[in-house]
Structure formats: C-alpha cells, structure tokens
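Single-letter residue listing:
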Amino acid sequence: AYKKIVEAIRTADSSSHYIYILGWMLDSNFEMVPGDPGSTFYNLLSKANERGVEIRILIWNNFFYKDEIAAAIDKINKLPNALLIRDGYTYGSPGLKNAISRIRYLINSAPMALNLLDSWKDFKEKVNIIQNEGSHHEKVVVVKGREGLIAFCGGIDINPDRVWKIESGKSVVLHDVHCMVKGYAAYVLLHRFKWRWQVLKESLYWMPLLINCINEPVPSAISGSGSAHVKILQTYNHPSKYIKDRTIRETVRIAIANARTSIHFEDQYMISLEIASWVNAKLKEPGFQKVTILTQDDSYAKPDIQFPKDMRKKFIDYLCSGLTPDQIRSKVFIQMLHPDTPALSHHKV
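This text gives an overview of the structure that appears in the document. Computed from a predicted structure; not experimentally measured.

Criteria and thresholds
- In this numbering scheme, every chain counts its residues from 1 along its sequence in written order.
- In keeping with the predicted nature of the model, local features appear solely for residues at pLDDT of at least 70, side-chain atom pairs appear and are counted solely at 80 or more, and the whole-chain, interface and lining totals rest on all residues.
- To obtain the side-chain values, all non-hydrogen atoms of the structure were included, while hydrogens and water were left out.
- Counted as salt bridges are all cases of a side-chain nitrogen of Lys or Arg within 4 Å of a carboxyl oxygen of Asp or Glu.
- A run of DSSP states H or I qualifies as a helix once it reaches four residues; a run of E qualifies as a strand once it reaches two. Both are numbered from the N-terminal end.
- Summary of the burial criterion: residues with accessible area below 20% of their type's maximum are buried, those above 50% are exposed, and those between are partly exposed, where the area comes from a 1.4 Å probe applied to protein chains only.
- Pairing of aromatic side chains here covers Phe, Tyr and the six-membered ring of Trp, requires ring centres within 6.5 Å, and sorts the geometry by plane angle: under 30 degrees stacked, over 60 edge-to-face, intermediate tilted.
- Strands were regarded as paired on the criterion that DSSP finds at least two bridges between them.
- Every residue pair with non-hydrogen atoms within 4.5 Å of one another is taken to be in contact.

So, the pattern of salt bridges
Two side chains with opposite charge may pair up if their charged atoms get near one another.
Moving on, step 1. Throughout the structure, instances matching the rule amount to 21 salt bridges.
Moving on, step 2. With its nearest N and O atoms 3.8 Å apart, the salt bridge here joins aspartate 245 to arginine 192. Of this pair, aspartate 245 sits in strand β10 (residues 244–246) while arginine 192 sits in helix α6 (residues 183–203), and the two are 53 residues apart along the sequence. Per residue, the accessibility class of aspartate 245 equals that of arginine 192, and both read buried.
Moving on, step 3. Residues participating in the shared-partner salt-bridge network are Asp87, Glu138, Arg192, Arg196 and Asp245.

Quick look at the structure:
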C-alpha cells in the first residue's frame, strides 16, 4: 500500500496537479519505502511543493498522536503550496458533549490521594484527552497527476505502526486493508475530500478555497480485464447534527442478507448488536452453513471500550439466539487471537 501511495504522489509534477489527504493521524517522518529517505511523507510533499502542486490535508485532531501531528504541521505548513489543518468537528449530539464535560469535571474533582494509584492516573489521563464522542477515522489519499486521478481508501494511516511496533516484547503492529482506485471511484473520493473541506470551512472561514480540482471532469468509464464495479461507502456526522451519512450500514445489511452459504468477518471490537441480529437471521436459514469471526483479546479492546467482555457477551447472545446447541456447534466459529503468544506474531485485529 505504501509503495503504491508513494508512486502515485510522485506522478503529481505540475502546478495544475493536486494532492488531497484525509487522515486519522499522520507521521510525516515515516519512510513508507524502507531505505528510501525520499519516501517520508514530508520529503514527498516537499518535492511536490517544488513542482507547484496544490497540497491540502485534513487530519483529525487526534490527541493520542498530538506530538506527531504538531511536528507534521510545523514542517508541512512551511511549504508555500501546502496546508495541513486539524479537524476536530465530530460531535453528533450536544447531550454526549455535555456528558463528557460532566464526567471530566467529576473525575478531576476526586480526592487527590487517588492520583497515587497508577491505574487511576492512567484512567484520568484517558478521560481528560477525550474531546468529543467520535473521530474522523477516514484514511484517504487523492492524487491528480500525469496519470490522471488516483485515489486510496481503507484502513491504513501514514503510520509506522502498520509495519513495525513492539511494546513489552510483543508485536502490536496493525494489519489492515487498503484499496487503490482510478476512474469514477477516484472521482467520488475526490468529492468526499471536497465535502469535508467545505464543512470545516463553514467553521474556519479563513480556510482557502480548493483551486485545482474545481473543474475536474468526470472520468470516462474504464473497461477491460482490470476494471471492476466498486462502491464508495462511508459514515459521517455533520457538526450541525442534521446531516448523517450511514451508507456503509445499509450495504453491510444487504450483503449479509444476500449471503448464500457463509459469512466471514474480522473485527477488533465485535460489539454491534444490530449486526449480530442480522447474522442470527441468516443462521436460521436452512441452506446457510456457517459464520466465522476473527477478533482480538479483550485486553486490546479495553483502551477503546472500557467494558468489552460485557458487550461481546451480548453480541454472542444475540448471534446465537434461538439456535439449538447443535446448530451453534456446527455453524458458529469465533476465534480470538491470543494476547501473548507467539511472542512476535500479530495479536491485534
């Protein structure tokens, strides 16, 4: 994925070209091609800037990576043709915003003696960095260069923890799937970026307009053995809470409903009771054979979900509701990666 992203960025080589990026975090010093110093994100953008390319980046205001993002802003925003902006407008409801503020107030008002406990200090630190109920979790790169529109989307950040990361002697590398698309699919991702940019500009009036993409023509259809019909799906909460995008939900529901013999999914949390109920209905169909699920240990889900065991228990209960013990044994297969062994293998989903 990183090799292809680097290749695409290097096709942007004139003042009419552009590079647009949406991210959950950004490490601008990470060598995306090992051993190639020119493949760090900053060095790639620096060269593109010299060629006059328009560079615009939105990164979620991610407090877990605040130092990396601050370093990227400091370097990238010194490039005349580049602008990186933090985007933290993710609220979906005023009620949860008020609840977070109230919880933070209560925790910070607790007796000082609790600060002597490492577990309390760790919990307090996590709560204090929570700014809102959600995040901009999109990882999108859109490049217009000499080869036309090329875009990427999926689960991979510009982050070295996708390649190498060891904590306490254990690998905590994150594996994920990324897609490279051209043609109309890339055009849809371009409009995704333009939408996000315009929404943030409603709050940050000083943001510049996007220039080079304004008259981007609709790409002609791609035909041949390498072509495919694809659909771009997403979720989004507008800060006003009046606009919500849930296209991925409906498509997942339809995919499950259309499954004929089996379903396999990998999920780091495995807590959606709605999805569990959809799969449960499928398991009761006579011709359906099995569902297989791969997830990670509760200890890895805990930083994000403070009560993963309870939620997963409910998920499994919903999944198996109304099935006989024999049906459960023959049709339902749930595997959880071991949190410790093998020592240098991958323990996260």
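What follows continues from the structure just given.
Quick notes on the packing of aromatic side chains
Moving on, step 1. Applying the stated criterion to the full structure yields 9 aromatic pairs.
Moving on, step 2. Geometrically, the ring pair formed by tryptophan 24 and tyrosine 65 is edge-to-face, given 5.7 Å between the ring centres and 70° between the ring planes. One end of the pair, tryptophan 24, is in the loop between β1 (18–23) and α2 (41–50); the other, tyrosine 65, is in the loop between β2 (54–60) and α3 (66–76), with 41 residues separating them in the sequence.
Moving on, step 3. The class for tyrosine 65 is buried, based on a relative accessible area of 15%.
Moving on, step 4. Considering the side-chain rings of tryptophan 195 and tyrosine 236, the 5.9 Å spacing of their centres and the 75° angle between planes classify their relative orientation as edge-to-face. Taken together, the residues tryptophan 195 in helix α6 and tyrosine 236 in strand β9 (residues 235–237) connect sequence positions 41 residues apart.

What about the pairing of β1?
Moving on, step 1. Within β1, 6 of the 6 residues are buried, which leaves the element mostly enclosed by the surrounding structure.
Moving on, step 2. Residues Tyr18, Tyr20 and Leu22 point to one face of β1 and Ile19, Ile21 and Gly23 to the other, with burial holding for every one of them.
Moving on, step 3. The pairing of β1 with β2 spans 6 bridges and is parallel. From the neighbouring strand, glycine 23 faces β2, where its bridge partner is isoleucine 59.

Quick word on the environment of leucine 190
Moving on, step 1. Position of leucine 190 among the secondary structure elements: in helix α6.
Moving on, step 2. Sequence separation of leucine 190 and alanine 228 is 38 residues, and the distance between their C-alpha atoms is 19 Å.
Moving on, step 3. If we ignore the near neighbours within four places in the chain, the residues touching leucine 190 are Tyr18, Tyr20, Val142, Leu149, Cys213 and Glu216.

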